[in-house]
Amino acid sequence: MANISGKPRSDLPITPATELSLSGRKAVVIGGTDGLGRELARQLASRGASVTVVGRTFRDEGTPGIDFLKADLSLMAEGRRIGRSLPAEALDFVFLTTGIIAAPNREVTPEGLERDMAVSYLSRLAILRELAPRMASAPREGRPRPRVYVMGFPGTGEKGNLEDLNAERSYAAMPVHMSTVAGNESLVLEFARRYPTLDFYGLNPGLIKTKIRSNYLGEGSLKHRLAEWLIGLTMISAEQYAQRMVPVLLSPSLEGRSPVMFNQKGRPIEASTTLGDGYAGRFITASEQLIDRALAST
């Protein structure tokens, strides 16, 4: 990955919302129980939004404006259930933030999927396959267009391994994780094409201290603790990221501008040229076939 921040765009000025009241707006944050997702959920709720967080462990019980749906997002059946159960017609904002980094040795879910691919990408696709069509067809009655935000590392030129998405032929942790990066950017590009009445945005947060590297480095290991200490020392925090990004991502000046990718500073960046010429669509189609295979196994 040559440039983890992406190449800036100068053709898309965005005006952050200085006065941002979200009273009456509804959001869901997939993966909103920890890390960047949790901080985004807290920011949204602090501005008056009603926020549903989806994950395994609820850490904000009693926080005004936040409720919880429990789900194991390593499972496609759970992703499908969540996508079907969320109130699509009422949602204004959907944030997809679940993520890990592949372990040094290949891990497999009960549905037969490589675990990083399942958690960091395919579960999001499984949710959106159910949710996006209902959001797109729901009457808005003068309300702004619904927005979907997909966190990953867009704009970095990754294209993944389309011939071995489930890492069954060969396995190495970082190449597998790069396939999730390509998948999430493809998700933004292809779903913006499929559902032109919804707005899709890709988020590249860069390096921020969270638990995402624990699976790769070994949670609590010296290597893991040292890496997170250095990142925490030199980079912005998850809370600072959320405070910076929410006024940008919810700005009225973004209405109808889709797809757009953003870097850690809230500035638009160019999408990866490697995903053009129909490649993003082919990536999503292959991913949907993998999801269908996993669902058929249960």
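Source: prediction; values computed, not measured.

Engineer: Help me understand the sheet that holds strand β1 (residues 26-30) in this model?
Structural biologist: Through backbone hydrogen bonds, the strands of a sheet pair up, either in parallel or in antiparallel fashion. Read from one edge of the open sheet, 8 strands run β3-β2-β1-β4-β5-β6-β7-β8, paired in mixed fashion. Each edge of the open sheet carries a strand with a single partner, namely β3 (66-70) and β8 (268-269). Note that strand β6 (residues 199-203) and strand β7 (residues 260-262) share 3 bridges and pair parallel. Across the sheet, the residue bridging to tyrosine 201 is valine 260, located in β7.

Engineer: Which parts of the structure should I look at to understand the pairing of strand β4 (residues 93-96)?
Structural biologist: Look at any regular strand and the pattern is simple: side chains alternate between the two faces of the sheet. Alternating positions in β4 separate into two faces, Phe93 and Phe95 on one and Val94 and Leu96 on the other, with burial throughout. With 4 bridges joining them, β1 and β4 adopt parallel strand pairing. Considered in β4, the bridge of alanine 27 is made with phenylalanine 93. Bridge analysis of β4 against strand β5 (residues 147-151) gives 4 bridges, and the strand direction is parallel. When the sheet's bridge partners are listed, leucine 96 is paired in β5 with valine 150. Handedness of the β4-helix α3 (residues 115-137)-β5 crossover: right-handed.

Engineer: What is the right way to look at the pattern of salt bridges in this model?
Structural biologist: Oppositely charged side chains can form a pair if their charged atoms are brought close together. Counting across every chain of the model gives 18 salt bridges. Here glutamate 190 ties to arginine 193 by a salt bridge, and the two come within 2.6 Å at their closest N and O atoms. Separated by 3 residues within a single helix, glutamate 190 and arginine 193 lie in helix α4 (residues 173-194), roughly one turn from each other. Between arginine 213 and glutamate 228 there is a salt bridge, with the nearest N and O atoms lying 2.6 Å from each other. Here the residue arginine 213 occupies a position in the loop between β6 and α5 (214-217), and glutamate 228 occupies one in helix α6 (residues 222-234), the gap between them amounting to 15 residues. The class for arginine 213 is buried, based on a relative accessible area of 11%. On the basis of relative accessibility, which here comes to 6%, the residue glutamate 228 falls in the buried class. Three or more residues are tied together by salt bridges with common partners; here these are Arg25, Asp92, Arg140 and Arg143.

Engineer: How do you make sense of the packing of aromatic side chains when you look at a structure like this?
Structural biologist: A ring pair, where both rings are aromatic, is described by two values, the distance of the centres and the angle of the planes. With the rule as written, the count across this model stands at 8 aromatic pairs. Plain terms: the ring middles of phenylalanine 58 and phenylalanine 68 are 4.9 Å apart, the flat faces sit at 0° to each other, and that makes the pair stacked. Of the two residues, phenylalanine 58 sits in the loop between β2 (50-55) and β3 while phenylalanine 68 sits in strand β3, which places them 10 residues apart along the sequence. On the basis of relative accessible area, phenylalanine 58 is assigned to the partly exposed category, the value being 23%. Aromatic pair phenylalanine 191 and tyrosine 195: ring centres 5.5 Å apart, planes at 45°, arrangement tilted. Judged by its relative accessible area of 1%, phenylalanine 191 falls in the buried class.

Engineer: Explanation requested: the nonpolar core in the structure shown.
Structural biologist: Nonpolar side chains in soluble globular proteins generally cluster together in the buried interior. Residues Ile30, Met76, Phe191 and Phe200 are the most contacted members of the largest nonpolar core, which totals 46 residues. In terms of residue count, α3 provides more of this core than any other element does, 11 residues in total. Not counting the four nearest positions on each side in its chain, methionine 76 is found in contact with Glu111, Leu113, Ala118, Leu122, Ser123, Ala126, Ile291, Ala294 and Leu295. Core analysis: the second largest hydrophobic core is formed by 35 residues, Ile14, Ala45, Phe95 and Val260 among them.

Engineer: What should I look at first to understand the environment of alanine 286 in this one?
Structural biologist: If you trace the backbone, alanine 286 turns up in helix α8 (residues 279-296). It is 18 Å that separates the C-alpha atoms of alanine 286 and serine 74, two residues lying 212 residues apart in sequence. Each residue touching alanine 286, except ones within four places of it in the same chain, is listed here: Leu162 and Leu165.

Engineer: Before we go on, may I ask you to explain the packing of α3 against α8 in this structure?
Structural biologist: Each pair of packed helices can be described by the angle between their axes along with the distance between the axes. Where α3 meets α8, the axes come as close as 10 Å, and the angle between the chain directions of the two elements is 90°. Considering their axes alone, α3 and α8 lie roughly perpendicular with respect to each other. Contacts from Tyr121, Leu122, Leu125, Ala126 and Arg129 of α3 reach α8 at Phe283, Ile284, Ser287, Glu288, Leu290, Ile291, Asp292 and Leu295. Classifying every residue of the contact of α3 with α8 by side-chain character gives 9 nonpolar, 1 polar and 3 charged.

Definitions and limits used
Residues numbered from 1 in each chain as written. Predicted model: local features only at pLDDT ≥ 70, side-chain atom pairs only at ≥ 80, totals over all residues. Heavy atoms only, no water. Pairing = 2+ DSSP bridges. Helix = DSSP H or I, 4+ residues; strand = E, 2+ residues; numbered from the N terminus. Buried < 20%, exposed > 50% of the residue type's maximum accessible area, 1.4 Å probe, protein only. Right-handed = clockwise from strand over helix to strand, strands pointing away. Salt bridge = Lys/Arg side-chain N within 4 Å of Asp/Glu carboxyl O. Phe/Tyr/Trp six-rings, centres within 6.5 Å; stacked < 30°, edge-to-face > 60°. Core = buried A, V, L, I, M, F, W, Y, C linked by side-chain atoms within 4.5 Å. Contact = heavy atoms within 4.5 Å. Axes fitted to C-alpha atoms, helices over the stretch in contact; angles between N-to-C directions. Parallel < 35°, antiparallel > 145°, perpendicular 65-115°, else oblique. Nonpolar A, V, L, I, M, F, W, Y, C, P; charged D, E, K, R; others polar.

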